[in-house]
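Architecture and fold: a report
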Amino acid sequence: MARCVQLAKNGLGTTYPNPMVGSVIVYNGKIIGEGWHRKAGEAHAEVIAINSVSNQDLLKESTIYVSLEPCSHFGKTPPCSDLIIAKGIKKIVIGTVDPFAQVAGKGIKKLLDAGCEVQVGVLEKLCQDLNKRFFTYHNNKRPYILLKWAESNDGFIAPDTIFRQEKQPFWITNPHTKICVHKWRSEEQSILVGTNTAQADDPELTTREWYGHSPTRVVLDRNLVIKTDSKLLDSSTPTVVITEQERIDSKNVTYHTMKFDTELPYKICDLLYSEDLQSVIIEGGTITLQHFIDNNLWDEARVFKGSTNFKKGLAAPKLTLYKESSVSKISGDILTYYYNQND
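Numbers given for residues are sequential positions, taken from 1 along each chain in its written order. Selection of residues for local features in this predicted model requires a pLDDT of at least 70, selection of side-chain atom pairs for listing and counting requires 80 or more, and totals for whole chains, interfaces and linings are taken over all residues. Only hydrogens and water are set aside when side-chain values are computed; all heavy atoms of the structure are taken into account.

Our working definition: UniProt positions are given in the numbering used here, feature names are shortened, and annotations may be inferred rather than shown by experiment.
The name that an unreviewed UniProt entry assigns to the protein chain is Riboflavin biosynthesis protein RibD, with the source organism given as Leeuwenhoekiella aequorea. Under the heading Function (unreviewed entry), UniProt records this for the protein chain: "Converts 2,5-diamino-6-(ribosylamino)-4(3h)-pyrimidinone 5'-phosphate into 5-amino-6-(ribosylamino)-2,4(1h,3h)-pyrimidinedione 5'-phosphate."

Okay, structure coming up:
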């Protein structure tokens with residue numbers, strides 16, 4: 001099962017809206033086939049694993065391992081449970097049940113009804129963590145929320161305005177960290193910033209330093225003060241603008257009107273859920289990040305700490321109810337992962 005998870009991770013950022021899935025086929029204690037799901041609409045992990053077995057006669061005496069319950073419905077591809085049954089595979093080991101309503105135990109039932117031996121819950125937590133975005137989306141009806149920011153050694157997210165050049169981001173971290181951040185963008189479905197960050201930095205929020213897709217950009221602009229020539233509105237990438245004002249959509253830019261009140265973070269989550277976006281990086285700034293923290297609407301935080309001291313400036317957000325997971329260094333920058341204590 002650990003090998004299934006290892007294989008599945010190859011699909012991070014490319015399988016949406018599908019989950020990442022890995023599959024391994026074992027005969028007489030030896031792996032004879034394996035596969036992982038690459039992209040929605042393409043073959044599922046079980047199909048690839050089965051097709052990779054050179055001697056198909058061995059399948060009837062083999063065990064198939066899969067990190068997520070085999071599907072039982074016709075989507076863009078036929079049901080994997082039907083193929084497993086048709087190939088005569090009698091023993092199936094499953095990491096975790098699929099939370100998607102059209103599967104959710106139905107694949108397991110179909111296998112059991114066909115007389116298969118099914119074992120469920122092997123390395124279950126590992127398999128659920130693999131698809132934390134997929135599980136959060138289907139179970140909590142909102143995207144997986146990842147907070148990200150960089151702060152100075154003395155706890156500021158930006159220096160005093162006197163040291164800033166207009167519409168130029170002030171880099172706290174080094175170029176290697178920037179590459180890491182762009183890799184993260186390629187793995188998530190959306191990225192969100194507030195008005196102040198959009199105006200101060202004029203960011204692109206696209207994936208440029210790493211191969212992969214750019215996330216859908218989400219911009220908070222209550223009064224539509226962000227200039228139309230800003231990089232965020234350049235129509236190069238799908239962009240959602242959340243505002244209190246009315247404006248007609250333009251190429252690749254859609255406007256959603258909602259009240260900017262205390263319920264705003266929840267309404268944003270509802271909107272992203274309705275747009276089928278399973279994950280979002282909250283990129284900034286401090287006010288936007290703190291709103292999500294204060295409403296306990298976050299799952300994971302990735303915080304960089306640079307070596308520079310600002311002495312004064314805009315204070316970094318303050319996390320509450322968290323558990324620290326790991327600390328690492330990227331060419332001198334310190335990266336700490338935090339997880340919501342309630343998750």
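There's more to say after this.
Re the sheet that holds strand β13 (residues 300-305)
Whenever strands of a sheet pair, they do so through backbone hydrogen bonds, lying parallel or antiparallel. As a reminder of what qualifies: Any two strands with at least two DSSP-identified bridges between them are counted as paired. Per the convention used, a helix needs a DSSP run of H or I reaching at least four residues, while a strand needs a run of E reaching at least two, with both numbered from the N terminus. Helix axes are fitted to C-alpha atoms over the stretch in contact, other axes to C-alpha atoms as well, and angles between N-to-C directions run from 0 to 180 degrees. Any two residues whose heavy atoms approach within 4.5 Å are treated as being in contact.
Read from one edge of the open sheet, nine strands run β11-β10-β9-β8-β12-β6-β13-β16-β15, paired in mixed fashion. A strand with exactly one partner marks an edge of an open sheet, and here the two such strands are β11 (253-257) and β15 (322-330). The mean angle between the axes of side-by-side strands here comes to 20 degrees, regardless of whether they run parallel or antiparallel. Bridge count between β15 and strand β16 (residues 333-340): eight bridges; the pairing is antiparallel. By the bridge assignment, S328 is partnered in β16 with L335. Contacting β6 (144-151), β8 (190-193), β12 (279-284), β13, β15 and β16, helix α7 (residues 175-187) crosses the sheet at an angle of about 165 degrees to β13. Where helix α10 (residues 286-294) meets the sheet, its contacts fall on β6, β8, β9 (216-220) and β12, and the angle it forms with β6 comes to roughly 135 degrees.

Some thoughts on the UniProt feature "binding site: substrate" (unreviewed entry) in the protein chain
What counts is decided by this rule: Relative accessibility under 20% of the residue-type maximum defines a buried residue, over 50% an exposed one, and the middle range a partly exposed one, all with a 1.4 Å probe and only protein chains included. Polar contacts, as used here, are pairs of N or O atoms within 3.5 Å; protein pairs need one atom able to donate a hydrogen and one able to accept it. Residues neighboring in sequence count only if both atoms are side-chain atoms.
Those residues carrying the UniProt feature "binding site: substrate" (unreviewed entry) are R185, L205, R208 and E283 in this numbering. Position of L205 relative to the elements: it lies in the loop between α8 (195-201) and β9. According to the relative accessible area criterion, L205 is buried, its value standing at 2%. Inspection of the secondary structure puts R208 in the loop between α8 and β9. When its relative accessible area of 39% is taken as the criterion, R208 is described as partly exposed. Those residues in contact with R208 that lie beyond four places of it in its chain are K178, H182 and R185. Engagement of the side chain of R208 in a polar contact is seen with the side chain of T206, the distance being 2.8 Å.

What to know about the nonpolar core
Note the following rule: Here, nonpolar core means buried Ala, Val, Leu, Ile, Met, Phe, Trp, Tyr and Cys residues that are tied together by side-chain atoms lying within 4.5 Å of each other.
Ranked by internal contacts, the top residues of the largest apolar core, which has 30 residues, are I145, L147, W149, I242 and I268. Mapped by element, the contributors of at least two residues to this core are β6, β7 (156-159), β9, β10 (239-243), α9 (264-274), β12, α10 and β13. If one sorts the elements of this core by residue count, α9 sits on top with five residues. Of all hydrophobic cores here, the second largest spans 20 residues; its members include I25, V53, L59 and C116.

Some details on a nonpolar patch on the surface
Where we set the bar: Residues with no salt bridge and a relative accessible area higher than 30% make up the patches, which join like charges within 9 Å and nonpolar side chains (Val, Leu, Ile, Met, Phe, Trp, Tyr) within 5 Å. Accessibility throughout is a Shrake-Rupley quantity obtained with a 1.4 Å probe, and a residue counts as covered only by protein chains that appear here. What makes a salt bridge here is a side-chain nitrogen of Lys or Arg within 4 Å of a carboxyl oxygen of Asp or Glu, nothing more.
A surface patch of nonpolar side chains, amounting to about 380 Å² of accessible area, comprises I179, W210 and Y211. Locating W210 in the fold gives a position in the loop between α8 and β9. Judged by its relative accessible area of 39%, W210 falls in the partly exposed class.

Structural notes on helix α4 (residues 106-113)
What counts is decided by this rule: This arc corresponds to the set of directions leading from the helix axis out to the C-beta atoms.
When we look at burial in α4, the residues that qualify are G107, I108 and L111. When α4 is viewed along its axis, its buried side chains cluster within an angular range of 100 degrees and face the same direction. Facing away from the buried side of α4, by more than 90 degrees, are the exposed residues K109 and D113. Looking at the buried residues of α4, the elements they touch are α3 (80-86), β4 (91-96) and β5 (117-120). Positioned one or two residues after α4, G115 has a phi angle of 90 degrees, which is positive.

Let's talk about the UniProt feature "active site" (unreviewed entry) in the protein chain
Those residues carrying the UniProt feature "active site" (unreviewed entry) are E46 in this numbering. Examined against the element boundaries, E46 turns out to sit in helix α2 (residues 45-51). Residue classification places E46 among the buried residues on the basis of a relative accessible area of 3%. When sequence neighbours within four positions are dropped, the list of residues in contact with E46 reads V21, S23, I64, V66, L68, P70, C71, C80 and I84.

Concerning α10
Taken together, the buried positions of α10 are T286, T288, L289, Q290, F292 and I293. One or two residues past the end of α10 sits N296, with phi positive at roughly 55 degrees.

Some words on the pairing of β8
Spelled out, the test is: Every crossover in which the path from the first strand over the helix to the second runs clockwise, viewed with the strands pointing away from the viewer, is termed right-handed.
With burial as the criterion, each face of β8 is covered, one bearing S190 and L192 and the other bearing I191 and V193. In this fold, β8 hands off to α8, which returns the chain to β9; that crossover is right-handed. With three bridges connecting them, β8 and β12 associate as parallel partners. From the neighbouring strand, L192 faces β12, where its bridge partner is I282.

Overview of unusual backbone geometry
Following Y16, the chain continues into P17 via a peptide bond in cis, with omega recorded as 5 degrees. Along the polypeptide, P17 turns up in the loop between α1 (2-8) and β1 (22-27). A cis geometry characterises the amide bond from G284 onward to G285, with omega recorded as 0 degrees. Examined against the element boundaries, G285 turns out to sit in the loop between β12 and α10. Look at N28: it is not a glycine, yet its phi comes out positive at around 55 degrees. We classify N28 as exposed; its relative accessible area is 71%. The phi torsion at N296 lies on the positive side, around 55 degrees, for a residue other than glycine.

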